[in-house]
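Remarks on the overall topology
Here is how the chains run, residue by residue.
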Amino acid sequence: RWPLAAAVARAVVHGVPPPEVAFADRAAVVAGDAATNAAVAACDANGPPLAYCAKFFEAPDGSVRGAARVLSGSLKAGDLVAVGDVAATVDCVAAMMGSELMPLEEARAGAVVALGPSLCAAFGPGAKRGGVGRGTFEAP
């Protein structure tokens, strides 16, 4: 038995708010139109597609992926989105299961996912984080 592990799990379950509550604060970092900000604040799965890629990492297959939180709407492979001023196609959306990536058909608002290598390349060399979808982000 690992009492610390159980205590940490309880603390996370009871202390971390659900996306619908936490996103109300995150709407402040989206500098889009009022409808986009409202969709982010409500964690609206039917809102405009918008995600924040917080980190890039090397996947087990050697490709570069982006760890992202879908803020509103949904993302699926084949979607055309904006990365800054560049139009890019979402090539892959996957759930992160330990060190493995499990492909998903769709990631809805609130999901934390890995985005594919082609989309990550649109961020450009040396990029560390950024927005995907419609709207712009202020630096955190």
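To be clear, the structure that these remarks concern was listed above.
Rules and cut-offs
Residues numbered from 1 in each chain as written. Predicted model: local features only at pLDDT ≥ 70, side-chain atom pairs only at ≥ 80, totals over all residues. Heavy atoms only, no water. Pairing = 2+ DSSP bridges. Helix = DSSP H or I, 4+ residues; strand = E, 2+ residues; numbered from the N terminus. Axes fitted to C-alpha atoms, helices over the stretch in contact; angles between N-to-C directions. Contact = heavy atoms within 4.5 Å. Phe/Tyr/Trp six-rings, centres within 6.5 Å; stacked < 30°, edge-to-face > 60°. Buried < 20%, exposed > 50% of the residue type's maximum accessible area, 1.4 Å probe, protein only. Salt bridge = Lys/Arg side-chain N within 4 Å of Asp/Glu carboxyl O. Patch = residues over 30% accessible without salt bridge, like charges linked within 9 Å, V, L, I, M, F, W, Y side chains within 5 Å. Areas by Shrake-Rupley, 256 points an atom, 1.4 Å probe, with all protein chains shown as cover.

Attention now goes to the sheet that holds strand S7 (residues 100-103). Spatial strand order, S7-S6-S9-S2-S1-S10: six strands in an open sheet with antiparallel pairing. Only two strands of the sheet have a single neighbouring strand rather than two, namely S7 and strand S10 (130-133). Taken pair by pair, the neighbouring strands of this sheet meet at an average axis angle of 45°, ignoring direction. Contacting strand S1 (50-58) and strand S2 (64-72), helix H3 (residues 34-42) runs over the sheet at an angle of about 95° to S2.

Quick look at the packing of aromatic side chains now. With the rule as written, the count across this model stands at one aromatic pair. When the centroid spacing of 5.1 Å and the interplanar angle of 70° are considered together, the rings of phenylalanine 56 and phenylalanine 123 count as edge-to-face. One end of the pair, phenylalanine 56, is in strand S1; the other, phenylalanine 123, is in the loop between helix H4 (117-121) and S10, with 67 residues separating them in the sequence. A residue is classified by how much of its surface remains accessible, and phenylalanine 123, at 17% relative accessible area, is buried.

Turning next to the pattern of salt bridges. If you walk through the whole model with that rule in mind, you get two salt bridges. Ionic pairing is found between aspartate 61 and arginine 65, a salt bridge with its closest N-O pair at 3.7 Å. A salt bridge links glutamate 106 to arginine 108, with the shortest nitrogen-to-oxygen separation between them at 3.9 Å. Exposure remark for glutamate 106: the relative accessible area of 34% places this residue in the partly exposed category.

A contiguous nonpolar patch, built from Leu4, Val8, Val12 and Val16 and spanning about 380 Å² of accessible area, is present on the exposed surface. One can find valine 12 in helix H1 (residues 3-15). Look at valine 12 and you get partly exposed, because its relative accessible area is 46%.

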